[in-house]
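This is what each chain is made of:
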Amino acid sequence: MSFAAGYADFRARFLDRAPLRLERETGDHVFNPDLPPYAMWEGPPRDAAVLIPLRQLRGEAHVILTQRTPHLRSHAGQIAFPGGKIDAEDAGPRAAALREAHEEIGLSPQAVSILGDLAPYHTGSGYRIVPVVAEVAVDAVLVANPAEVADVFEVPLPFLMDPANHRKQSRSWQGRERFFYEMPYGERYIWGVTAGILRSLFETVYG
């Protein structure tokens with residue numbers, strides 16, 4: 001696969017640095033040190049995985065994202081990576097991320113080349129998410145599963161890796177100010193866990 005200028009540097013940095021930063025502490029609680037890692041969940045964390053799919057589009061590296069359907073019980077209508085809970089049948093986070101990407105957006109595992117993992121991201125809702133970074137074939141066919149995904153779209157990687165586009169915002173939660181990242185892109189509002197994982201990718205590669 002051939003990617004745009006600048007991607008080669010990103011790729012080399014990721015391959016060099018990601019294996020050394022798997023023990024980084026990442027998650028909602030990092031922005032909110034007065035809250036525990038799983039502030040809105042009782043019990044042990046639930047293991048999950050997401051795919052961060054990268055591919056060339058119009059001469060530039062892009063990240064594939066999804067818009068969740070509005071009828072889902074959790075995070076309805078929000079922007080997310082393909083992914084979900086790790087099932088007992090999955091051979092680890094990578095297998096789960098590939099399975100979920102195939103189920104949600106029709107991405108064939110044969111069109112994916114995994115580069116590596118990020119440090120697990122801990123969410124306030126009780127998930128321990130392993131982000132799996134991968135390259136996707138330029139001609140890969142993507143078809144949204146209407147039961148889960150309302151839309152599939154792509155955002156330029158340089159935009160997402162520009163810290164000027166990482167805005168720190170807050171909302172009130174149980175009488176406390178809770179902080180999070182947002183990365184608005186046109187009409188797309190990228191925020192919360194998705195923006196937090198993208199920030200983790202940035203810090204892994206460039207931090």
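Each remark here, short or long, concerns the structure printed above.
Residues numbered from 1 in each chain as written. Predicted model: local features only at pLDDT ≥ 70, side-chain atom pairs only at ≥ 80, totals over all residues. Heavy atoms only, no water.

**Digging into the nonpolar core**
Threshold: Put simply, a nonpolar core is a bunch of buried Ala, Val, Leu, Ile, Met, Phe, Trp, Tyr and Cys residues held in one set by side-chain atoms that sit within 4.5 Å of each other. The buried label applies to any residue whose accessible area, calculated with a 1.4 Å probe on protein chains only, is under 20% of its type's maximum; exposed applies above 50%, and partly exposed to all values in between. Helical segments are the DSSP runs of H or I of at least four residues, strand segments are the runs of E of at least two, and each set is numbered from the N terminus.
Counting 34 residues, the largest nonpolar core has Ile52, Leu160, Ile190 and Leu201 as its most contacted members. Only α1 (7-17), β2 (46-57), β3 (60-68), β8 (127-136), β9 (149-156), α4 (157-160) and α5 (192-206) provide two or more residues apiece to this core. In terms of residues, this core owes the most to one element, α5, which gives 6 residues. Residues Leu107, Ala111, Val112 and Val136 belong to the second largest nonpolar core, which totals 17 residues.

**Looking at the pattern of salt bridges**
Side chains bearing opposite charge may pair, as long as their charged atoms lie close to each other. Selection rule: What makes a salt bridge here is a side-chain nitrogen of Lys or Arg within 4 Å of a carboxyl oxygen of Asp or Glu, nothing more.
Taken as a whole and assessed by the stated rule, the structure comprises 14 salt bridges. We note a salt bridge from aspartate 9 to arginine 13, for which the minimum N-O separation is 3.0 Å. Residue aspartate 9 and its partner arginine 13 are located together in helix α1, separated by 4 residues, close to a single helical turn. Classification of arginine 13 as partly exposed rests on a relative accessible area of 28%. Here arginine 99 ties to aspartate 87 by a salt bridge, and the two come within 3.3 Å at their closest N and O atoms. Taken together, the residues arginine 99 in helix α3 (residues 93-105) and aspartate 87 in the loop between β5 (83-85) and α3 connect sequence positions 12 residues apart. Several salt bridges converge on common partners, so that one network encompasses Asp87, Asp90, Arg99, Glu100 and Glu103.

**Description of the pairing of β2**
Here is the rule we go by: For two strands to count as paired, DSSP must find a minimum of two bridges between them.
Pairing between β2 and β8: 9 bridges, direction parallel. Across the sheet, the residue bridging to arginine 46 is tyrosine 127, located in β8. Here β2 runs beside β5; their pairing, made up of 3 bridges, is antiparallel. By the bridge assignment for β5, alanine 49 is matched with glycine 84. Inspection of the sheet shows β2 paired to β3 by 4 bridges, in the antiparallel sense. What sits directly across from arginine 55, in β3, is histidine 62. Between the antiparallel neighbours β2 and β3 lie 2 residues, among them arginine 58 with a positive phi of about 55 degrees.

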